[in-house]
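Spelled out, the chains give:
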Amino acid sequence: MKRDLMERLGKEWLLCDGGTGTILQSRGLKGGELPETWNLKRPEDIIDLHCGYLRAGCDIFNTNTFGANALKFPENLQEIVMAAVRLAQEARRRANREDAYIALDLGPTGKLLEPLGDLPFEKAVELFGEVVRYGSAAGADLVLIETMSDSYEAKAAVLAAKENCDLPVCITVTFDEKGKLLTGGSVDSTVALLEGLHVDALGVNCGLGPDQMIPIVKRLTEVCSVPIIVNPNAGLPRTEGGRTVFNVGPEEFSLRMEEIAAMGVHVVGGCCGTTPEHIRMTAERVKKLPFKEPVKKCRTVVTSFSQCVEIGGTPVIIGERINPTGKKKFKQALRDNDIEYILQEGLRQEDSGAHILDVNVGLPEIDEPAMMAAVVTKLQSVLALPLQIDTSDPAALERGMRLYNGKPIVNSVNGKKESIETVFPLVRKYGGVLVALVLDEEGIPSDADGRIRIARRIYEAADRYGVPREDILIDGLAMTISSDTRSALVTLETLRRVRDELHGHTILGVSNISFGLPRRAVINSYFLAMALQSGLSAAIMNPGNEEMMEAYRAYCALANLDPQCMRFIEAYAGTQDRKPAASASQALGTPPAAGSPAAAASGGTSAMGLAQSVERGMAESAAAAARVALTTTSPLELIDRELIPALDKVGKGFEAGTVFLPQLLMSAEAAKAAFDVVKESLQGQTQEVKGRIILATVKGDIHDIGKNIVKVMLENYGYEVLDLGKDVAPETIVDTALRENIRLVGLSALMTTTVVSMEQTIKLLHEKKPDTKTVVGGAVMTQEYADAIHADRYAKDAMATVHYAEEVFGKK
Amino acid sequence: MELRPDRKEIIRYLGYRGVTPDREMLKEIDLSVGELNAVVTPRFVYEKFDLTLEETEKGKERLCFAGIEVCSRDLSVNLQGCTGVYLMAVTLGPGPDLLVRRASIGRMSRAVVLQAAAAAMTETWCDIVNERIRKEAERDGLYTRPRYSPGYGDLPLSLQKEFSRILNMPKEIGVSLTDTLLMTPSKSVTALIGVSDRPGNCIIKRCAECASSADCMYADLSEA
């Protein structure tokens, strides 16, 4: 009777097989020929290959399906995969090794996933899922995902395996000699992601020989809690007479593998260049070594695709600003689908020193799951900070967790039965560090005893659902002291007791403590310091709040969490303490911080005029000048007499070749800063929009810098731009034009290969909405091209587009 | 490794057409190069293949290498007298794209400078790999020709697919193709470098050969 793989994995030595491609090449596989076609064309060679490894003593061997997916085999994928498993079964029979396990081998698709490339995440899941369905139906014993060098693709493959079969799922990824994935992930971040997805074993394969893998394996043994697999190449490849050969022979390989196995690895084998002899000698040596079972590491780790934040050491700051609560502008941005506004909020917090960003996009009147998906993926295309997915909508939570590239924080679960039953299964499936609020059906306990009781209950629920305890962050709940002056003490006691009695980590939305009081920053910063001293692991707060950041940095320096006070010095060297003697204005209101550019610019009488600031592209000075000018001039007058003429002057200079693109854009940014000030003063009044214009980079094209330049200029001249982004299908553009009744559409394409989609878009637009004009631009675009695809106008640069817009909408 | 691009090239990419930018802009350029150097992960892959030139029935020349056949007048001229060809692919990795996208949120002026600097740095990286190939060829007693990329002249862009397959670009350097043959990450280059046992013209002509250099904002006026 064959023993279950799960009874042996991590309990005793198991051997994987070795190289496939290199062996098939030696049997005549030509360069460019797909190895999987041999499952049908040369089945005996595949059986022989397997038999070689089985007789050498491997326990787990791969089906010949590394490159099998619907992109490469659109016609006969099922036949290829089913045949691969059948050949493996036949080999097992012939070699008399019925105890060996057939691993359905999944390799990368060869495509990069969105947003870096053009393969949508769900499409990748579907591609892998199809292979898993065929392979498991045919009788594979496990799924082995290998040679992954992108964490996002790895996640897609693991989800596909888990969603399409009940087999054990193992995965090995490929790091470079610096221990990085091609898309930037480290050993730590990759392990956190994959353990979060509950793979049954993980490790490394390919890319490197055993020697180069040693530092990576060492790190794996330090952070990994599940069994570790190590399948190196036979050293490094070199070309010899047009053939790829590897430089480590069986004897040397087995010696190195013995060394690697002794480091605390559980499954060993080989990859490119290794042969049955490599595996045979390795098995012989390794199986004599004492076996060490995997040890739980109990680390609390949050990751993005490249960054890793460990919770439990130095306290971390979670930026709270991506949240509509109490923010009029943010709510409007959500209603307008103005994702750029939200991204800016994210970038600002990263610059201010946040380690993780909370993402809350909940608003009753919007499609929250769709918005969560859009914001999470867009944020991950511009910054590498890990995210905290914050929502009470289970559908939005699942969308966010599924599409997130990394292991997020999930905000939140609480002690209520319904919450536990909804949130824990998602965390179990996708992985995540979970914020647990200590409240339940009875409300918020007024004392620490009650809160600790709920915390214990949540830990027990985690055990039931198979979520590791270290992945729970207890939120001690900060309630304002303005309604109950004991509340801060209750919260602090809760923090202390979670740390000391439950040995857990804590999190807190710090600023709630001062709700309803004046000078909230004072209360908040002192409370933050007290909470940190009581063991707070993560503070949800506004990293733009100077007082709180000061308290945080000072605490870290004082608590010996800032070696040589370097981070404190870096933040504050050259700055001064606030003056104790307050001037009249300081005592009254909220002055700009001393030494800030705003203070310098608004205070100085020698500040530059508005027109000059715009012409010279100085945003801060333009905003300050606009503020001063508005005290004497009406907003509209300021726009017509100063801003627009200054912009025109720069625009003319650009066209004459005396002003260059970066300067044109800097002026545009300065003008925008001034416009923003003017807009504030117009609050309540409706603003005139000269016209609404769609901009898009066409389907298939992922270069959008040109389109973004045009957008900046059009907005400057008073047009509202509906920016549909890049890689936009003709239908999306035309539907938007119809729905919003748009008179002008601007299209950008960079390559000759994508001008075709531009032509299709124009054709469809002419059919469905003939009164809409089109203007086209992009690197390969010319007048002739534009004429050939029936565009109304070719614009050679951003200013030319502005002029055409003035023509279409009539210059006022 | 730190890439030190030619500042003049960056300025040219920014469309300055021979004008020297002011000091602020020069500072911005240097800052961008520094920021990019902190995020680039330069990688390369290349392989040498035998090359044969055949005459087709229609009197055109057909180039055969690495198991593929290419008909291109322009590439034939470039590879005249060559017996071998190197296929190379290089990339700066996903870092620069992230920086440019990031700057595009509200700071387009930064985005265009980063974009130009990253483009110049890609060329610098190409030059370094090219030099490595030149030295390797020299050891074999061969001379290299100027590198030539798919999409130049009449050499079809569809050759990108062959490059990707032959060099195994997704796995080796993390570069993959979109359905429309764009490379991702975008700061990546593929090129062919011919080798011959005779020394030949190794001067890389750029703008001088291009018909649209007269009104191109990127034209290199120093060549004229």
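None of the values given here were measured: they were computed from a predicted structure.

(A) Examining the environment of F128(A) more closely. Residue and element names in this part refer to chain A. As for its placement among the helices and strands, F128 is situated in helix α6 (residues 121–138). Measuring from C-alpha to C-alpha, the distance between F128 and A461 comes to 32 Å, with 333 residues separating the pair along the chain. Once residues lying within four places of it in the same chain are set aside, the contact partners of F128 are L106, G107, T109, M148, E153, A156, A157 and A160.

(B) Quick peek at the interface of chain A and chain B. Listed per partner, the contact involves 45 residues of chain A and 38 residues of chain B. Summed over both partners, the interface of chain A with chain B buries about 3600 Å², with 66% contributed by carbon and sulfur atoms. The closest approach of N and O atoms between R102(B) and D351(A), which form a salt bridge, is 2.9 Å. Run the count over chain A and chain B and you get 11 residue pairs in polar contact (both at pLDDT 80 or more). Of all the secondary structure elements, the ones that give two or more residues to the side of chain A that touches chain B are α13 (339–352), α14 (368–382), α27 (661–681), α28 (705–716) and α30 (752–768) of chain A.

(C) Looking closely at the sheet that holds strand β22 (residues 719–723) of chain A. Residue and element names in this part refer to chain A. Pairing is parallel in the open sheet, where five strands are placed in the order β22-β21-β23-β24-β25. The outermost strands of the open sheet, each flanked by one partner alone, are β22 and β25 (793–794). Inspection of the sheet shows strand β21 (residues 691–697) paired to strand β23 (residues 744–748) by five bridges, in the parallel sense. Across the sheet, residue L695 finds its bridge partner in β23, namely G746. Contacts between helix α32 (residues 798–809) and the sheet are confined to β21, β22, β23, β24 (773–777) and β25, with β24 contributing the most and set at about 175 degrees to the helix.

(D) View of the domain arrangement of chain A. Residues and elements named next belong to chain A. Domain boundaries in chain A define domain 1 (5–286), domain 2 (300–571), domain 3 (597–681) and domain 4 (691–809). Between the C-alpha centres of domain 3 and domain 4 the distance comes to 28 Å. Of the roughly 940 Å² buried where domain 3 meets domain 4, counting both sides, 69% is carbon and sulfur surface. Remark: the boundary between domain 3 and domain 4 carries zero salt bridges. Across the contact surface, domain 3 and domain 4 share four residue pairs in polar contact (both at pLDDT 80 or more).

(E) Representation of the sheet that holds strand β15 (residues 387–390) of chain A. Residue and element names in this part refer to chain A. The sheet built from eight strands closes into a barrel, its strands ordered β13-β14-β15-β16-β17-β18-β19-β20 with parallel pairing. Ignoring which end each strand starts from, the neighbouring axes of this sheet average 30 degrees apart. Here helix α16 (residues 417–430) sits on the sheet and contacts β16 (409–414), β17 (433–437) and β18 (472–475); the angle it forms with β16, its principal contact strand, is near 155 degrees.

(F) Quick peek at the pattern of salt bridges. Residues and elements named next belong to chain A. Under the counting rule described, the total for this entry stands at 78 salt bridges over all chains. Its salt-bridge partner being E98, residue R92 comes within 3.6 Å of it at the nearest N-O pair. The buried category is assigned to R92, whose relative accessible area is 8%. The partner of R739 in a salt bridge is E740, with the nearest N and O atoms 3.7 Å apart. Overall, E740 belongs to the partly exposed group, its relative accessible area being 27%. Each of D188, K218, R219, E222, R299 and E310 takes part in one network of salt bridges that share partners.

(G) The arrangement of the nonpolar core in detail. Counting residues in hydrophobic clusters, the biggest one holds 155 residues, and the most contacted among them are I145(A), I171(A), L202(A), V230(A), I409(A), F424(A) and I472(A). Each of domain 1 (5–286) and domain 2 (300–571) of chain A accounts for three or more of the residues forming this core. Residues contacting I171(A), with those up to four places away along its chain left out, are L144(A), I145(A), M148(A), A154(A), V158(A), L194(A), V199(A), A201(A), L202(A) and G203(A). Among the nonpolar cores identified, the runner-up in size contains 90 residues, and V659(A), M88(B), A116(B) and A117(B) belong to it.

(H) Main features of the environment of I173(B). For I173(B), the position within the fold is in helix α7 (residues 169–173). With a relative accessible area of 3%, I173(B) lands in the buried category. On a C-alpha basis, the gap between I173(B) and P21(B) in space is 35 Å, while along the polypeptide they are 152 residues apart. With near-sequence residues (within four places) excluded, I173(B) lies in contact with L182(A), R43(B), F44(B), V45(B), A89(B), V90(B) and T91(B).

Conventions and cut-offs
- The residue numbering used here restarts from 1 in each chain and proceeds along that chain's sequence as written.
- Numbering of ligands from 1 and lettering of chains from A proceed in the order in which they are written.
- Owing to the predicted nature of the model, reporting of local features is limited to residues with pLDDT of at least 70; listing and counting of side-chain atom pairs is limited to 80 or more, with chain, interface and lining totals taken over all residues.
- Side-chain measures here rest on the full set of heavy atoms in the structure, leaving out hydrogens and waters.
- Segments assigned H or I by DSSP are reported as helices when at least four residues long, segments assigned E as strands when at least two residues long, and all are numbered from the N terminus.
- Between two residues, a contact is recorded if the distance between any of their heavy atoms is within 4.5 Å.
- Take the accessible area each of two parts loses on contact, using a 1.4 Å probe, and add the two losses: that sum is the buried area.
- What makes a salt bridge here is a side-chain nitrogen of Lys or Arg within 4 Å of a carboxyl oxygen of Asp or Glu, nothing more.
- Counting of polar contacts relies on pairs of N or O atoms within 3.5 Å, with two restrictions inside protein: one atom must be capable of donating a hydrogen and the other of accepting it, and residues adjacent in sequence are counted only when both atoms are side-chain atoms.
- At least two bridges found by DSSP between two strands is the condition for calling them paired.
- To get an axis, a line is fitted to the C-alpha atoms, and for a helix only the part in contact is used. The angle between two axes follows their N-to-C directions and goes from 0 to 180 degrees.
- Start and end positions for the domains come from either an automated domain assignment or a database one.
- Remark: exposure states derive from per-residue accessible area (1.4 Å probe, protein chains only) relative to the maximum for the residue type, with buried under 20%, exposed over 50%, and partly exposed in between.
- To form a nonpolar core, buried Ala, Val, Leu, Ile, Met, Phe, Trp, Tyr and Cys residues must be joined to one another through side-chain atoms within 4.5 Å.

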